[in-house]
Amino acid sequence: MKAYLKSIIEFNDNNKSRFFAFFIQALIFVSIVTFSIETIPNLKPQIKVVLNFIELFSVIVFSIEYLLRIYVADKKFKFIFSFFGIIDLLAILPFYLSFGIDLRSLRALRFLRLIRILKLVRYNKALRHFSQAIKMAKEEIFLFLIVTFILIYFAAVGIYYFENSAQPEVFSSVFDSLWWAIVTLTTVGYGDVYPVTVGGKAFTFFILLIGLGIIAIPTGIISSALTKSIDSKNADLEE
């Protein structure tokens, strides 16, 4: 029985396993759509009943899937604490946690249902390549994030010293300046906070140039890792 279930749940080389994968993917999409419909104001009570039934059905199926994956896993604790194991748990956890919890916290818990989208990574080859690429380039990405945080802090400190005297209500501290640093380095530039001094504008020019590079770097890292992942997959198939 364990081997039979394993062939359906973990492999995609037979009709039953393909149907199972398609069914779970379809249910994920339905669950996300119902989540969006629930945000529509003044829904009819009948519609709410249908949405609640769909959510209950989805949770039951996802719960059974999660338990079956633990059952068929060769190393159960390794699966539970793996990326997909955590995603599968978080996909159903908000439903169970909502019982007996203050209703003011329920909205935040319901938002976590969107984590179900990440379950699609398991069933999509392109998404699996992307996941593999992230794992391959995790050290480079981690280094990039550290450098980015350093640059954001540096930009916040710099603009604070340039603009604090001219705009004390806007750049009142380094912490308030962090918002400007983030939107400038990401080249979003909302325009709600901007420099007015000559020094501040010149400083912003250099920060914007750095920001363009910050956007390009992770794209190159992930693209390179994706190419390596696909080449590695193709090499395995040829062998």
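Now for a look at the structure at hand. (Residues numbered from 1 in each chain as written. Predicted model: local features only at pLDDT ≥ 70, side-chain atom pairs only at ≥ 80, totals over all residues. Heavy atoms only, no water.)

1. Some details on helix H3 (residues 45–72)
Since the α-helix turns once every 3.6 residues, residues separated by three or four places project in the same direction. In a regular helix each residue adds 1.5 Å, so 28 residues correspond to 40 Å; H3 covers 41 Å between its end C-alpha atoms and thus fits that length. Among all positions of H3, only Leu 51, Glu 55, Ser 58, Val 59, Val 61, Phe 62, Ser 63, Glu 65, Tyr 66, Arg 69, Ile 70 and Val 72 are buried. Buried residues in H3 make contact with helix H1 (2–9), helix H2 (15–37), helix H4 (76–80) and helix H5 (83–97). (Helix = DSSP H or I, 4+ residues; strand = E, 2+ residues; numbered from the N terminus. Expected span 1.5 Å × (residues − 1). Buried < 20%, exposed > 50% of the residue type's maximum accessible area, 1.4 Å probe, protein only. Contact = heavy atoms within 4.5 Å.)

2. Observations concerning the nonpolar core
With 17 residues, the main nonpolar core has Phe 20, Ile 24, Ile 28, Phe 62, Tyr 66 and Phe 79 as its most contacted residues. Put simply, the parts of the chain that give this core at least two residues each are H1, H2 and H3. Counting 13 residues, the second largest nonpolar core, distinct from the first, contains Phe 144, Ile 152, Val 193 and Phe 203. (Core = buried A, V, L, I, M, F, W, Y, C linked by side-chain atoms within 4.5 Å.)

3. Focus: the pattern of salt bridges
In the structure shown here, the tally under the stated rule is 2 salt bridges. In this structure, the salt-bridge partner of Lys 6 is Asp 74, at a minimum N-O distance of 3.7 Å. Taken together, the residues span a long stretch of sequence, with Lys 6 in helix H1 and Asp 74 in the loop between H3 and H4 at a distance of 68 residues. Across the pair Glu 65 and Arg 69 runs a salt bridge, and its minimum N-O distance is 3.1 Å. (Salt bridge = Lys/Arg side-chain N within 4 Å of Asp/Glu carboxyl O.)

4. So, a nonpolar patch on the surface
On the surface, Phe 19, Phe 23, Phe 53 and Phe 57 cluster together into a nonpolar patch covering about 440 Å² of accessible area. Of all the elements in the fold, those that place two or more residues in the nonpolar patch are H2 and H3. With respect to the element layout, Phe 19 can be found in helix H2. The class for Phe 19 is exposed, based on a relative accessible area of 57%. (Patch = residues over 30% accessible without salt bridge, like charges linked within 9 Å, V, L, I, M, F, W, Y side chains within 5 Å. Areas by Shrake-Rupley, 256 points an atom, 1.4 Å probe, with all protein chains shown as cover.)

5. Regarding H5
For H5, spanning 15 residues, the distance from its first C-alpha to its last is 21 Å, which sits close to the expected 21 Å at 1.5 Å a residue. Taken together, the buried positions of H5 are Gly 85, Ile 87, Asp 88, Ala 91, Ile 92, Pro 94 and Phe 95.

6. Topic: the packing of aromatic side chains
Inspection of every chain in the model, using the stated rule, returns 10 aromatic pairs. Note on Tyr 160 and Tyr 161: the rings are 5.2 Å apart at their centroids and 75 degrees apart in plane angle, and the pair reads as edge-to-face. On the numbers, 5.4 Å between centres and 70 degrees between planes, the contact of Phe 205 with Phe 206 is edge-to-face. The partly exposed category is assigned to Phe 205, whose relative accessible area is 48%. Feature note: the residues Phe 154, Phe 162, Trp 180 and Phe 203 constitute an aromatic cluster, connected by ring pairs. (Phe/Tyr/Trp six-rings, centres within 6.5 Å; stacked < 30°, edge-to-face > 60°.)

7. Section: unusual backbone geometry
Not every positive phi belongs to a glycine, and Asn 42 is a case in point at roughly 60 degrees. Within the secondary structure, Asn 42 sits in the loop between H2 and H3.

8. With respect to the packing of H1 against H3
As a packed pair, H1 and H3 sit with axes 9 Å apart at the nearest point and diverge in direction by 120 degrees. As judged from the angle between their axes, H1 and H3 are oblique. The two elements H1 and H3 cross, and the hand of that crossing is left-handed. Where H1 approaches H3, its residues Lys 2, Leu 5, Lys 6 and Ile 9 are matched on the opposing element by Leu 68, Arg 69, Tyr 71 and Val 72. (Axes fitted to C-alpha atoms, helices over the stretch in contact; angles between N-to-C directions. Parallel < 35°, antiparallel > 145°, perpendicular 65-115°, else oblique. Left-handed = near helix turned anticlockwise from the far one by under 90°.)

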